[in-house]
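Now for the letters of each chain:
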Amino acid sequence: MDARPCFLMTDASAFDVSYRINPWMDPGAWTAEHRAAALAASGELRAALRGLGARVETIEAVRGLPDLVFPANAAVVLDGRVLLARFRHPERQGEETVFRAVFARLKARGLVSELVDLPEGVLQEGAGDAIWDAERRLFWAGFGPRSNRASLGVIRKTFGQEVVGLELASERFYHLDTCFCPLAGGAMLYHPEAFTPKALATIRARIAEANRIEATAEEAAAFCVNAVNLGETVVMARPPVTLRAKLEARGYRLVEVDLAPFIRSGGAAYCMTLRLDRTSDARPAILAAE
Ligand code: ARG
């Protein structure tokens, strides 16, 4: 068995900002240079993950589906089970059949074991809104702007795991992964202003103060909370020095990739990937001994 972390990514050659479904997107400001830079940036992220010992499966781009480069939104995956997403916006709904076929192929190859459909009427935008916390062994599930509240019970039932719902308060931080990132060792990087007062109270009740790392508005707008964590390493879009200092002080090592073209679509490292190999019983890699 291959013990390497395994990520799904999408070839970025059809990536564009051609519509606007979140406040970061401005089709009028998108140019051919951005498109070229996006291809390079996506390659850099893939290389960074491989450099850290991960395996990356890359699926083909589909013209007309620019946001297919964000496979975190395709499904929630745990223990080989794949809960297929349903998108809120018509602009992304065409991705559903593409990803269904992708997961069917992954199943045929033994990379996942079971595909599950959401009930009628339930909206759920994949791992972007349902983040597995390997330390606490539960899902944190965002709802409001994209996924709806009804998705929480479906996730609970599908995976047989605890689900803690967090309502998102702003259109700028429309997926949970833009504002919330569990790190190995139990720390939580999050942007408080993205949450409703109730969600914020839940976070603070569940996570000890010593484990909470607050991202400022500037750090969150740099899409650094949208990070991939592998042990003590955190792969993210270019961080402000303030964030680098906070994380390094806690023993994390940052790998930065310039993901500016993707930030123009409202996404970065975490949502450009989908982790396929997570199991509910695995502890995350622990931080290097002090
Ligand atoms: N343009 C995409 C959208 O608005 C970006 C998705 C980024 N994904 C994420 N999980 N943050 O749907």
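Please read all numbers here as calculations on a predicted model, not as lab measurements.

What follows covers the sheet that holds strand E5 (residues 114-116). The three strands lie next to each other as E3-E4-E5, forming an open sheet whose pairing is mixed. In this open sheet, the two edge strands, each paired with only one partner strand, are strand E3 (75-78) and E5. Between one strand and the next, the sheet's axes are offset by a mean angle of 20°, whatever the strand orientation. Sheet topology note: the E3/strand E4 (residues 81-84) ladder contains four bridges and is antiparallel. The residue of E4 that forms the bridge with Val76 is Leu83. Across the face of the sheet, helix H3 (residues 95-108) comes into contact with E3, E4 and E5 while running at roughly 155° to E5. Seen against the sheet, helix H4 (residues 151-159) touches E3, E4 and E5 and runs at an angle of roughly 160° to E4.

It is worth spelling out the layout of surface pockets at this point. Space inside the largest pocket adds up to approximately 1,000 Å³. No other element matches strand E6 (residues 130-133), which puts four residues into the lining of the largest pocket. Looking at the lining of the largest pocket residue by residue, the class counts come to 28 nonpolar, seven polar and twelve charged. Here the second largest pocket is characterised by a volume of approximately 180 Å³. Taken together, 13 residues form the lining of the second largest pocket, with Thr58, Ile59, Glu60, Val102 and Arg105 sitting closest to its centre. Elements with a minimum of two residues in the lining of the second largest pocket: strand E2 (55-59) and H3. With five residues, H3 is the largest single contributor of residues to the lining of the second largest pocket. Here the residues of the lining of the second largest pocket sort into eight nonpolar, one polar and four charged.

Here the focus is the confidence of the model for the chain. With 97% of its residues at a pLDDT of 70 or more, the chain shows a mean pLDDT of 96. Low pLDDT, under 50, characterises residues 286-290; the stretch is placed with seven contacts to residues that sit more than four places away or in other chains.

Of all hydrophobic cores here, the largest spans 91 residues; its most connected members are Phe103, Phe180, Phe195, Leu259 and Phe262. When sequence neighbours within four positions are dropped, the list of residues in contact with Phe195 reads Leu166, Glu167, Leu168, Ala169, Leu176, Cys179, Phe180, Tyr190, Leu200 and Ile203. Counting 17 residues, the second largest nonpolar core, distinct from the first, contains Leu78, Ala141, Leu152 and Phe159.

Let us now look at the side chain of Ser151. Along the chain, Ser151 falls in helix H4. Judged by relative accessible area, Ser151 falls into the buried class, the value being 0%. Look past the residues within four positions of Ser151 in its chain and what remains in contact with it is Val122, Leu123 and Gln124.

Criteria and thresholds
- Residues numbered from 1 in each chain as written.
- Predicted model: local features only at pLDDT ≥ 70, side-chain atom pairs only at ≥ 80, totals over all residues.
- Heavy atoms only, no water.
- Pairing = 2+ DSSP bridges.
- Helix = DSSP H or I, 4+ residues; strand = E, 2+ residues; numbered from the N terminus.
- Axes fitted to C-alpha atoms, helices over the stretch in contact; angles between N-to-C directions.
- Contact = heavy atoms within 4.5 Å.
- 1 Å grid on protein atoms, 1.4 Å probe; cavity = no way out; pocket = protein on both sides within 12 Å on 5 of 7 lines; lining within 4 Å.
- Points joined across faces, edges and corners; volume = space filled by probe spheres on them.
- Nonpolar A, V, L, I, M, F, W, Y, C, P; charged D, E, K, R; others polar.
- pLDDT = per-residue confidence, 0-100.
- Core = buried A, V, L, I, M, F, W, Y, C linked by side-chain atoms within 4.5 Å.
- Buried < 20%, exposed > 50% of the residue type's maximum accessible area, 1.4 Å probe, protein only.

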